[in-house]
Amino acid sequence: MDVELLHSFLSMWIWAALVRRELLAIPQALFRFIEKCAGQTVPWWPSARREFRMITRLLPYVFCDLSAPLFPLLFATDAV
């Protein structure tokens, strides 16, 4: 696996997954894989491969319906 290519894909996926924040809990082994093997082409770690497959299977859930009516109130919070 070309780790730089994986890093680019994961960066785009994280941005897209912000509409379904619970999906951001998936790529823990991928982060470690990218950190330890940065700039290399190496065989997949089994855990990183499982997470990558899970991410690709959940891609249909990464969407935001922008045509939905707005709620009359808006709440915003910051991470605690």
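Refer to the preceding data block for the structure.
Residues numbered from 1 in each chain as written. Predicted model: local features only at pLDDT ≥ 70, side-chain atom pairs only at ≥ 80, totals over all residues. Heavy atoms only, no water.

## Let's talk about the side chain of glutamate 51
Then comes step 1: Along the polypeptide, glutamate 51 turns up in helix H3 (residues 46-58).
Then comes step 2: For the buried glutamate 51, no salt bridge is present, and the opposite-charge side chain at shortest range is arginine 32, 5.6 Å distant.
Then comes step 3: Among the polar contacts listed, one links the side chain of glutamate 51 to the backbone nitrogen of alanine 29, at a separation of 2.8 Å.
Then comes step 4: Within the structure, glutamate 51 has its side chain in polar contact with the backbone nitrogen of leucine 30 (distance 2.9 Å).
Then comes step 5: The contact partners of glutamate 51, leaving out residues within four places of it in the chain, are Ile26, Pro27, Gln28, Ala29 and Leu30. (Helix = DSSP H or I, 4+ residues; strand = E, 2+ residues; numbered from the N terminus. Buried < 20%, exposed > 50% of the residue type's maximum accessible area, 1.4 Å probe, protein only. Lys, Arg positive; Asp, Glu negative; His and termini not counted. Salt bridge = Lys/Arg side-chain N within 4 Å of Asp/Glu carboxyl O. Polar contact = N/O pair within 3.5 Å; in protein donor to acceptor, adjacent residues only side chain to side chain. Contact = heavy atoms within 4.5 Å.)

## Examining the pattern of salt bridges
Then comes step 1: One pass over the full model with this rule turns up one salt bridge.
Then comes step 2: The shortest N-O distance in the salt bridge between arginine 20 and glutamate 22 comes to 2.7 Å.
Then comes step 3: The exposure class assigned to glutamate 22 is partly exposed, which follows from its relative accessible area of 49%.

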